[in-house]
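Listed below, chain by chain, are the residues.
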Amino acid sequence: MSARQRVSSPPRGPRWLLLSLLLLGAAPGPRPGSAFYLPGLAPVNFCEKDKKSDECKAEIELFVNRLDSVESVLPYEYTAFDFCQASEGKRPSENLGQVLFGERIEPSPYKFTFNEEKTCNLVCTKTYNTEKAEDKQKLDFLKKSMLLNYQHHWIVDNMPVTWCYEVEDSQRFCNPGFPIGCYITDKGRAKDACVINSEFHERDTFYIFNHVDIKIYYHVVETGSMGARLVAAKLEPKSFKHTHIDKPDCSGPPMDINNKASGEIKIAYTYSVSFEEDKNIRWASRWDYILESMPHTHIQWFSIMNSLVIVLFLSGMVAMIMLRTLHKDIARYNQMDSTEDAQEEFGWKLVHGDIFRPPRKGMLLSVFLGSGTQILIMTFVTLFFACLGFLSPANRGALMTCAVVLWVLLGTPAGYVAARFYKSFGGEKWKTNVLLTSFLCPGIVFADFFIMNLILWGEGSSAAIPFGTLVAILALWFCISVPLTFIGAYFGFKKNAIEHPVRTNQIPRQIPEQSFYTKPLPGIIMGGILPFGCIFIQLFFILNSIWSHQMYYMFGFLFLVFIILVITCSEATILLCYFHLCAEDYHWQWRSFLTSGFTAVYFLIYAIHYFFSKLQITGTASTILYFGYTMIMVLIFFLFTGTIGFFACFWFVTKIYSVVKVD
């Protein structure tokens, strides 16, 4: 295996970031051969300097994004490092999603003209005197970043500049980031990207990639508008200790910085740029070469098939209960005339006088149902738009922006559902109910988010949300979401309470001694296993996209898994609900919510396993941040799955008790 083939091959796929998330990443848009463009994104035409016009530009701008690492959760802005800075240039405006994900896009000092090649062009020279405290601090920060394998993310024409190299099995992998440099340990072990060059061999030494060879591929427009469109930008990072810094020739030994070096250290940053026409790649499918270096599709189909088998098995069980057992039960109950027969009867009909008895802590349950409904609708609509290609990788931050805006606007259904169920539970403290719906769950999420943000502020990371954005989020919450929740609650309380098919008895019925498997806890623990089984492979890719900075773009799969998850949660809850009712236990409300909500506990266990087995995160701050953000995801997932379980069980109970005759 060559040194180049051994280069930091990522864990189970590429190590990279484009859009981190949440819940997160983006859809690839059209595949090769499709002619339409992604919604809201028009191509830019480029031409030579002497042919430039209103229709086509000659200058190609290179933008720099924040730098990040798989070994740390803390990203940093480009300006936090002592690299060459742009003298002037307009910073692109960022949307809410980009700010929340810590993306900070800035102009760079690297400027190109279309089809004008440059070789070993000097950008700037940085000088460090280790005896000066300020210089030493800058150099130490650079060394620490190389040690943690921080990566640059450059953007040309809204496309990532990629570094393509060979990994195992002669596969080419294109990483939309490249390292600042690398480190050879004091024992002579090459870390990360140091394996690409045999000249990197000095012990306890850092090698900085101070030169890049950039190659820009373009496609000439045949019809209509003139000029060419950029279809790919690739680079190769190199290291040169330029002998003549004023007139660099990009030759000689690599730029090494010994860990114990003192005195004056000079680093010259240079670049070469070349252009090549590519007739095979069209503008609409220019992202494909990055996505195709991720061979995950076959795993996805396996995951879907696995989930479908679980769904078919559960559907079979539910259908059998519905059609055979329930049908027999209902026929038998409805044929009984004498009270003597009724006395001998047992099963779910016996609890008809208690089935709609209000649950304990009805206030909290109704608040959870309101928030869960909000999350459920938000997830469905976001994934639906993602499937249509609106939230593409070129549309940076669109996914998170869409989710946040939808959540804010969906305050009305949350207030309505919470009020409606609270009223049917016999509650009268409507003011407390509407306030808790508006502030309890969002407040917990915001408090966790704020604490994480304080840690990021303390560490000086670019992922720290600026104070202005925090105020904007609070304004969205208090000025839009809360009033909408109040409106929803007003209509919910105004309507008559939900009419139940059977009356509730004055005196509660005694619940008989339960066997082990019909007790609440075993049922709840068992109920979460099947829904989790449907999602855990998909969960691996989502966690990779957030923490290992890989791109997530398979929204078609995710939407399918979302539908499967809804069906599985519903069926598993109905199944267990039926068994409990047969055992004459009528406390179904909280149990149905917790049965499918317990999937979130398995999610948490998996996230802990993922942290210890797949991630290389080091440092206390990064660990706290990982678990802090994981707890937000777990809470959202708990409310989301719990609400599905409750509604499924509510529908089931209402249905079966509406078809039996009750004296």
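Relevant structure appears above.
Along each chain, numbering runs from 1 in the same order as the chain's sequence is written. For a predicted model such as this one, the threshold for reporting local features is a pLDDT of at least 70, and the threshold for listing and counting side-chain atom pairs is 80 or more; totals across whole chains, interfaces and linings nevertheless cover every residue. The basis for every side-chain value is the complete set of non-hydrogen atoms in the structure, without hydrogens or water.

Here's the deal with the sheet that holds strand S4 (residues 106-113)
When DSSP finds two or more bridges between two strands, those strands count as paired. Numbering of helices and strands starts at the N terminus; helices are DSSP runs of H or I of at least 4 residues and strands are runs of E of at least 2. Taken in spatial order, the 4 strands of this open sheet run S4-S1-S7-S8, and their pairing is antiparallel. Whereas interior strands pair on both sides, the edge strands pair on one side only; in this sheet they are S4 and strand S8 (159-160). Across 2 bridges, strand S7 (residues 154-156) lies against S8 in antiparallel orientation. Counterpart to Val156 in the pairing with S8 is Met159.

Some remarks on the packing of helix H12 (residues 529-547) against helix H15 (residues 599-613)
The convention used is that axes are lines fitted to C-alpha atoms, helices contributing only their stretch in contact, and that angles between N-to-C directions extend from 0 to 180 degrees. Two numbers describe how H12 lies on H15: the axes approach to 10 Å, and their chain directions differ by 40°. Relative to H15, H12 is oriented oblique. Handedness of the crossing formed by H12 with H15: right-handed. Of H15, the residues touching H12 (which contributes Ile529, Pro531, Phe532, Phe536, Leu539, Phe540, Leu543, Asn544 and Trp547) are Thr599, Tyr602, Phe603, Tyr606, Ala607 and Tyr610. Working rule for angles: under 35 degrees goes down as roughly parallel, over 145 as roughly antiparallel, 65 to 115 as roughly perpendicular, anything else as oblique. Note on convention: the crossing is left-handed when the near helix lies turned anticlockwise from the far helix by less than a right angle, right-handed when the turn is clockwise. Contact definition: two residues touch when any of their heavy atoms are within 4.5 Å.

Re unusual backbone geometry
Excluding glycine, residues mostly have negative phi values, and the peptide bonds linking residues are mostly trans. In the Ramachandran plot, Cys120 falls in the positive-phi region, its phi being about 50° despite a non-glycine side chain. If you trace the backbone, Cys120 turns up in strand S5 (residues 118-129). In this structure Cys120 comes out as buried when scored by relative accessible area, which is 8%. Its identity as a non-glycine residue notwithstanding, Asp157 has a phi of 50°, on the positive side. Accessible area is worked out with a 1.4 Å probe on protein chains only. A residue is then buried under 20% of its type maximum, exposed over 50%, and partly exposed in between.

With respect to the state of the cysteines
A pair of cysteine sulfur atoms is labelled a disulfide when the two atoms are within 2.5 Å. In the structure shown here, the tally under the stated rule is 5 disulfides. In this model Cys84 forms its disulfide with Cys124; the gap between the sulfur atoms is 1.9 Å. On the S-S bond that ties Cys84 to Cys124, the torsion sits near -85°, and the link is left-handed. Remark: Cys124 occurs in strand S5 and Cys84 occurs in the loop between strand S3 (72-76) and helix H1 (96-100); sequence separation between them is 40 residues. Looking at Cys124, the relative accessible area reads 18%, which means it is buried. In this model, Cys164 is linked to Cys174 through a disulfide, with the two sulfur atoms separated by 2.1 Å. Taking the sign of the S-S torsion, about 110° here, the bridge from Cys164 to Cys174 comes out right-handed. Pair noted here: Cys164 is in strand S9 (residues 163-166) and Cys174 is in strand S10 (residues 172-175), with a separation of 10 residues, a long-range link. Here the two residues Cys164 and Cys174 agree in accessibility, since each one is buried. Each bonded cysteine of the protein gets a number by its place in the sequence, and the pairs then read 1-2, 3-5, 4-10, 6-7, 8-9.

Quick look at the packing of aromatic side chains
Remark: the centre distance and the inter-plane angle together describe each pair of aromatic rings, the angle taken between the planes. Any Phe, Tyr or Trp ring, taking Trp's six-membered ring, that has another such ring centre within 6.5 Å forms a pair; planes under 30 degrees apart are called stacked, those over 60 apart edge-to-face, and the others tilted. Applying the stated criterion to the full structure yields 65 aromatic pairs. The interplanar angle of 65° and the centroid separation of 5.5 Å between the aromatic rings of Tyr110 and Tyr271 together place this pair among those described as edge-to-face. Of this pair, Tyr110 sits in strand S4 while Tyr271 sits in strand S17 (residues 264-277); the two residues are 161 residues apart in sequence, bridging distant segments of the chain. Neither residue differs from the other here; Tyr110 and Tyr271 are each classed as buried. Between Trp430 and Phe493 the ring centres are 6.2 Å apart and the planes differ by 65°, which places this aromatic pair in the edge-to-face class.

Digging into the sheet that holds S17
Spatial strand order, S5-S17-S14-S15: 4 strands in an open sheet with mixed pairing. Because the sheet does not close on itself, it has two edges, and the strands there are S5 and strand S15 (228-238). Strand-to-strand, the axes of this sheet are offset by a mean angle of 20°, without reference to chain direction. In the sheet, S5 pairs with S17 via 9 bridges, with the strands oriented antiparallel. Each residue of the ladder has a partner; that of Thr125, found in S17, is Ala268.

Overview of the side chain of His211
In this fold, His211 is placed in strand S14 (residues 211-220). Owing to a relative accessible area of 1%, His211 belongs among the buried residues under this scheme. Of note is the side chain of His211, whose polar atom sits 2.7 Å from the side chain of Asp213. With near-sequence residues (within four places) excluded, His211 lies in contact with Cys120, Glu236, Pro237, Lys238, Phe240, Cys250, Thr270, Tyr271 and Ser272. Two N or O atoms count as a polar contact when they lie within 3.5 Å, although within protein this holds only if one can serve as hydrogen donor and the other as acceptor, and sequence-adjacent residues are included solely when both atoms are side-chain atoms.

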